[in-house]
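Architecture and fold: a report
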Amino acid sequence: MPETRTDDVHPPYLYPDYKSTRLRAPSQPLVRVSPSPLEATGPAFPRQFVKDSEADLTTWGRSAPLGEKMILVGRVLDEDGRPVRRSLVEVWQANASGRYPHPVDDHDAPLDPNFLGKGQVLTDDDGRYRIVTIKPGAYPWQNLGSAYAQRLITQMFFPGDPLLAIDPIFQSVPEAGRKRLIAELDLEHGIEGVALGYRWDMVLRGPRATPMGV
Amino acid sequence: MTKPTPSQTVGPFFARELLWKDGGTVLFPGRGERITLTGYLFDGAGAPIYDALFETWQADPAGQFPKGDDGARPYGYGRVSTDPGGRYAIETVMPGSFKGPGGETYAPQISVAIFARGLLRALHTRVFLAPLEVVKDDPLARAIGDPERLRTLIAIRDPRDPRIYRWDVRLRGAGEAVFIEL
Ligand SMILES: [Fe+3]
């Protein structure tokens, strides 16, 4: 099984309780490489890449999607707590019934014509983002920092969710990292009577060492 | 130091059509030799992997890393997903070789990240677009050592169509590709 860094908060590749890892986790150790410009640099997203409307997942249809509206705010930070500016934050989620609009999701839950479940936003100069959406079942996120090595796909979970204790994907994360996956209730950023506010910061790991001169 | 946010799987589903418009065409400011990198992703049982996210980042033909965009999309970056047969394809330009921070020379290559259901963290690697003789002194090639393992990262130029580079990726088992720790 590939080794992981000792300070690792990331799950292992092979986690047999999550059955899909058994045929997809590499069996050979990862090769450690010296940092190269390939991982220290990364794509630059123009402001126009993201429309303001893409930060609101509830306005795509003819009427409001089903479910409980929520507002999520947070910051994208590096390991030293510095903001990651103009980081592309993408969200991809199931609708209120737990269904994704994907051709192979054939599970017996209704599609919602007013909800596509996809949004994106670029962080501002303080690394801040804000997303308006509805509360789903599960919640994958993608994040592209300023260096390609920071590329992260993760998931946000809700505080007090009793299913976390038995969710193998959540449980695959080492104890030290689990707290980071859970958002906090944030009443200040909600809209009374309309939407609950949540706060969730993402911390991106840098490359092991940043090469000079790139 | 703050603890980073842990990685999680991209799964179970994401819609190909929503993910990235024209993500399979990598943009660059200048001209270059147009090539297509294409192949199949396979799991440990040899079955094709559908709906994996396949991402690339690379230097331009002069070996420079693109800093800009065309006003709508960033340069140098590709994102596609695999089809039901496990196939991906990226249209791009041939990257040049480039120097590392210590002056070492990197062979023409593309950085690849693979995300899929069943991958709790991304698999990172680099695919070489040059034959073994050219690649053997690359820093990653040296770190791998074993030529058999190195071969798993060398794309094969199609003898009938030299614009096509074929690279199949086996995630686990016989012929398993080399993946790197960042
Ligand atoms: Fe690691």
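Since the model is a prediction, treat every value here as computed from it, not as a measurement.

Definitions and cut-offs
- Residues numbered from 1 in each chain as written.
- Chains lettered and ligands numbered in written order.
- Predicted model: local features only at pLDDT ≥ 70, side-chain atom pairs only at ≥ 80, totals over all residues.
- Heavy atoms only, no water.
- Helix = DSSP H or I, 4+ residues; strand = E, 2+ residues; numbered from the N terminus.
- Rg over C-alpha atoms; globule rule 2.2 N^0.38 Å.
- Buried < 20%, exposed > 50% of the residue type's maximum accessible area, 1.4 Å probe, protein only.
- Areas by Shrake-Rupley, 256 points an atom, 1.4 Å probe, with all protein chains shown as cover.
- Core = buried A, V, L, I, M, F, W, Y, C linked by side-chain atoms within 4.5 Å.
- Contact = heavy atoms within 4.5 Å.
- Buried area = accessible area lost by both parts, 1.4 Å probe.
- Salt bridge = Lys/Arg side-chain N within 4 Å of Asp/Glu carboxyl O.
- pLDDT = per-residue confidence, 0-100.
- Polar contact = N/O pair within 3.5 Å; in protein donor to acceptor, adjacent residues only side chain to side chain.

What follows deals with the overall build of chain B. Scanning chain B from N- to C-terminus turns up four helices and 12 strands. Taking 2.2 N^0.38 as the reference for a compact globule, 182 residues should give roughly 16 Å; the C-alpha atoms of chain B span a radius of gyration of 16 Å, in line with that estimate. Each of the three principal axes of chain B carries a C-alpha extent, and together these read 50 × 45 × 40 Å. The buried share of chain B, reckoned over its 182 residues, is 59%. In the form shown here, chain B has an accessible surface area of approximately 7,100 Å², with 52% of it arising from carbon and sulfur atoms.

B:Leu37, B:Phe54, B:Ile114 and B:Trp167 are the most contacted members of the largest nonpolar core, which totals 47 residues. If you list the elements that add at least two residues to this core, you get strand S1 (34-42), strand S4 (87-93), strand S7 (109-115), strand S8 (123-128) and helix H3 (139-144) of chain B. Ignoring sequence-local partners within four residues, the contact set of B:Ile114 consists of B:Leu41, B:Leu53, B:Phe54, B:Leu119, B:Ala122, B:Leu123, B:Val169, B:Leu171 and B:Phe179. If you look at the next biggest cluster of nonpolar residues, it comprises 21 residues, including A:Met70, A:Tyr129, A:Ile131 and A:Leu204.

Moving on, we get to the interface of chain A and chain B. On the chain B side, the residues contacting the 82 residues of chain A number 73 residues. With both sides pooled, the region where chain A packs onto chain B buries about 6,800 Å², and carbon together with sulfur makes up 60% of that total. For chain A, the biggest contributors to the area lost against chain B are A:Arg24, A:Leu38 and A:Tyr148; these three give 13% of the whole. For the pair chain A and chain B, the interface holds three salt bridges.

So, on to the confidence of the model for chain A. Residue and element names in this part refer to chain A. Here chain A shows a mean pLDDT of 83. Residues at 70 or above account for 84%. The secondary-structure element of chain A with the lowest mean pLDDT is strand S6 (residues 140-144), recorded at 61, while strand S8 (residues 184-185) shows the highest, at 95. When the criterion is pLDDT under 50, residues 209-214 qualifies, and its contacts beyond four places in sequence or with other chains add up to 11 contacts.

Turning next to the side chain of A:Thr41. Relative to the helices and strands, A:Thr41 resides in the loop between helix H1 (37-40) and strand S2 (69-78). At 2.7 Å, the side chain of A:Thr41 forms a polar contact with the backbone oxygen of A:Pro37. Within the local environment of A:Thr41, its side chain forms a polar contact with the side chain of B:Trp57, the two groups lying 2.9 Å apart.

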